[in-house]
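# Fold and geometry: a report
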Amino acid sequence: MAEAGVDLIEAGQAWEILIEAGPRRLLRIPAAEGRPSLILKVLAPGTGTAQARQRANRQKALLDSLAGKDMPRILGIEERDHGLAIAFADPGGLPLESLSPGLDWPLVLDLAQGLVRRIDALHRQGVLLRSVGRASFLASPDGSSVSLLDLDDASPLGGEASRWLDPELLQESLASFSPERTGRINRPLDHRSDYYSLGTVLYCLICGHPPFVSSDALGIIHGHLALRPQPPRELRPGMPLALSDIVMKLLEKSAEHRYQGAEDLLSDLEACAQGLGRKGRREAISLGRAEGGKSFSLPQGLFGRDAEIAALEASWAEVEAGRGGLVLVSGPAGAGKTALIRELEKPVAEARGYFAEGAFDEFGEAKPYSAWIELLKDLSGLLYMENELVVAGLREEVQAAGGSEARLLSSFVPGLSPILGVGPEPPALEDGAAKNRIHGAFQSFLKALTGKGGGQGREGQDHSSRGPRQARSLVLFLDDLQWMDPESQDLLLSLLEAEDLGSCLFVCSHRPG
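Rules and cut-offs
- Residues numbered from 1 in each chain as written.
- Predicted model: local features only at pLDDT ≥ 70, side-chain atom pairs only at ≥ 80, totals over all residues.
- Heavy atoms only, no water.
- Helix = DSSP H or I, 4+ residues; strand = E, 2+ residues; numbered from the N terminus.
- Buried < 20%, exposed > 50% of the residue type's maximum accessible area, 1.4 Å probe, protein only.
- Contact = heavy atoms within 4.5 Å.
- Areas by Shrake-Rupley, 256 points an atom, 1.4 Å probe, with all protein chains shown as cover.
- Salt bridge = Lys/Arg side-chain N within 4 Å of Asp/Glu carboxyl O.
- Disulfide = S-S within 2.5 Å.
- Patch = residues over 30% accessible without salt bridge, like charges linked within 9 Å, V, L, I, M, F, W, Y side chains within 5 Å.
- Expected span 1.5 Å × (residues − 1).
- Axes fitted to C-alpha atoms, helices over the stretch in contact; angles between N-to-C directions.
- Parallel < 35°, antiparallel > 145°, perpendicular 65-115°, else oblique.
- Left-handed = near helix turned anticlockwise from the far one by under 90°.
- Nonpolar A, V, L, I, M, F, W, Y, C, P; charged D, E, K, R; others polar.
- Pairing = 2+ DSSP bridges.
- Phe/Tyr/Trp six-rings, centres within 6.5 Å; stacked < 30°, edge-to-face > 60°.
- Lys NZ or Arg CZ within 6 Å of the ring centre and 35° of its normal.

The secondary structure content of the protein chain amounts to 17 helices and 14 strands. A buried classification covers 53% of the 513 residues belonging to the protein chain. Of all intrachain contacts in the protein chain linking residues separated by at least 6 positions in sequence, the fraction that spans at least 24 positions is 70%. Taken as a whole, the protein chain presents about 21,900 Å² of accessible surface, with 51% of it coming from carbon and sulfur.

See below:
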């Protein structure tokens, strides 16, 4: 899928490696006869999955719709022996990560202003970055030009963050996710999410590492949601205090506390640069002095539901103390039941717990366990973000409870097979014994997740061969209970009656009548 006259890599073609990290490479291909200079993003064989191909095609369609000579352009997408290759028109410059910490502060400020202008130009065309990868920006070494390049995660403004996060995308750009981009808090995405991502880029440019570093994806997400990063000034004592404050304002957890528009942000960066120009002054400035920005955003969150949110949070506190149970939320269609219950996502994620959901549908009676299967898929997405020691401990416990039960769960959700280390075994659902096996499989799985499985002690410490493993508390949300099938009802009742599930809170919504 290359444009006419464009060959991505010719036989014997020389190239310059700009980035080489794991299975990903970013190459600069010199111009050849009939072809301009290219930037080539290459995914090694085995990593150029169908999802990566779909993202590349979606990105090309989005970029083709943008106007302006400064917008990035994909010239071709090809699958070859060396993997999936995406060719961009070469705007010149180097990846930001190749510009090492220790740059002169005027250069850092020039780069910061260039980044803001590029992001603002994207916003003006109705597009969100949503996150920043290693090749999202190229810059000239003197800071005179900044270019957009790879917008792997970009989407039109007004979208919501998916609860399912592509593992390949996580590896590339999780460090730049805003709290709302994680999909684990009940907040929409807007232009202020990109300002948080910009804050992570500037932090890395100044300090040499992202604001949050962890051995697993959930640890990084926990940082984005709950932890305050160490201010850059503490890591680089000689830097301008105003620039450190600007970065920290970009990294505010709440979108309302970040910059609300590019005008205010550019004004503060220019004020900081002017201060440096006056004999290198590095004191603080009053942030956000410019007013009258063109961006207007309604405050995020639910209003008038304080009592209901407090009741849900009290139920979550009981679960953390080992006293789980059931919460029913009732109301007519459109009353906001789902949005209310999702307010629990943030405190659960901050406590390193798991929040998973599934919904029944009006015509789902012919599909037993439909909402439970959705819920298992949601949990599997969280487990893919855990470190291998946690997953290995879970695998041991579930298999110790019975390999057939693990195979049964994998038959519902094939994505669980790599986590549980077994292949699927389709059950005979009409068999009464099969129903008992399904109930037992769910109980064993949830007990293992909460640290109450056979290999765990009273305090949730794993006594298997792999050493300690942190227990998790769970919130399992079943939506639209009025359409629940009989098999799902029996499963819910069996789990509510089960022992050692005190670290599980079942939250169900339904319409009365």
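So, next bit.
Looking now at the pattern of salt bridges. Under the criterion given, the structure shown has 23 salt bridges. Where Arg-24 meets Glu-172, a salt bridge forms, and the shortest distance between an N and an O atom there is 3.5 Å. Taken as a pair, Arg-24 in strand E2 (residues 24-29) and Glu-172 in helix H3 (residues 167-173) lie far apart in primary sequence, 148 residues in all. Looking at Arg-24, the relative accessible area reads 10%, which means it is buried. Taking the shortest distance from any N to any O, the salt bridge between Lys-41 and Asp-152 comes out at 3.6 Å. Here Lys-41, found in strand E3 (residues 38-43), pairs with Asp-152, found in the loop between strand E9 (146-148) and strand E10 (155-156); they are 111 residues apart in sequence, far enough to count as distant. Judged on exposure class, the residue Lys-41 and its partner Asp-152 are both buried. What emerges from the salt-bridge pattern is a single network uniting Lys-41, Arg-55, Asp-150 and Asp-152.

Applying the stated rule across the entire model yields zero disulfides. In this model Cys-204 remains outside any disulfide bridge; the closest cysteine sulfur is found in Cys-207, 8.3 Å from its own.

Nonpolar side chains collect at one region of the surface, where Leu-326, Leu-328, Leu-493 and Leu-496 lie side by side and expose about 330 Å² of accessible area between them. When contributions to the nonpolar patch are tallied by element, the ones reaching two or more residues are strand E11 (325-330) and helix H17 (486-497). Here Leu-493 shows up in helix H17. The partly exposed category is assigned to Leu-493, whose relative accessible area is 42%.

Moving on, we get to helix H12 (residues 370-383). Spanning 14 residues, H12 covers 20 Å between terminal C-alpha atoms, matching the ideal 20 Å at 1.5 Å per step. In terms of residue burial, H12 counts as a mostly covered element, since 12 of its 14 residues are buried. For H12, the full list of buried residues reads Ser-370, Ala-371, Trp-372, Ile-373, Leu-375, Leu-376, Asp-378, Leu-379, Ser-380, Gly-381, Leu-382 and Leu-383.

Put simply, helix H2 (residues 105-124) and helix H4 (residues 191-207) touch, their axes get as near as 11 Å, and they point 155° apart. The angle between H2 and H4 places the two elements in the roughly antiparallel class. Along this stretch, H2 crosses H4, giving a crossing that reads as right-handed. Touching Trp-105, Val-108, Leu-111, Ala-112, Leu-115, Val-116, Ile-119 and His-123 of H2 are His-191, Asp-194, Tyr-195, Leu-198, Val-201, Leu-202, Leu-205 and Ile-206, all from H4. In terms of residue class, the contact of H2 with H4 is built from 13 nonpolar, two polar and one charged.

On the secondary structure map, Ser-155 appears in strand E10. Among residues more than four places away in sequence, those in contact with Ser-155 are Leu-62, Gly-126, Val-127, Leu-128 and Arg-130.

Another aspect to go through is the sheet that holds strand E1 (residues 16-21). Taken together, five strands build an open sheet; the order of strands is E1-E2-E3-E5-E4 and the sheet is antiparallel. In this open sheet, the two strands that pair with only one neighbour each are E1 and strand E4 (74-80). Looking at each pair of strands side by side, their axes are set apart by 15° on average, direction ignored. Where E3 meets strand E5 (residues 83-89), six bridges bridge the pair, whose relative direction is antiparallel. Note that in E5 the partner of Lys-41 across the bridge is Ile-86. Contacting E2, E3, E4 and E5, helix H1 (residues 50-64) crosses the sheet at an angle of about 165° to E4.

Note on backbone geometry: most residues besides glycine have negative phi, and most peptide bonds are trans. We note that Tyr-369 has phi near 65°; this positive angle belongs to a residue other than glycine. By the secondary structure assignment, Tyr-369 is in the loop between strand E12 (354-359) and H12. Overall, Tyr-369 belongs to the buried group, its relative accessible area being 3%. For Asp-480, which is not glycine, the phi torsion reads 60° and is therefore positive. For Asp-480, the location among the structural elements is in the loop between strand E13 (474-479) and H17.

Our next topic: the packing of aromatic side chains. With the rule as written, the count across this model stands at four aromatic pairs. Aromatic side chains Trp-372 and Phe-442 sit 5.8 Å apart centroid to centroid with 75° between the ring planes, which places their arrangement in the edge-to-face category. With Trp-372 in helix H12 and Phe-442 in helix H16 (residues 432-449), the pair connects residues that are 70 residues apart, well separated along the chain. Phe-442 gets classed as buried once you look at its relative accessible area, which sits at 2%. Taken together through their ring pairs, the aromatic side chains of Tyr-369, Trp-372, Phe-412 and Phe-442 make up a single cluster. For the cation-ring pair, Arg-181 lies above Phe-177, with the distance from its terminal atom to the ring centre recorded as 4.6 Å. We note Lys-249 situated over the ring of Tyr-259; from NZ or CZ to the ring centre the distance is 5.2 Å.

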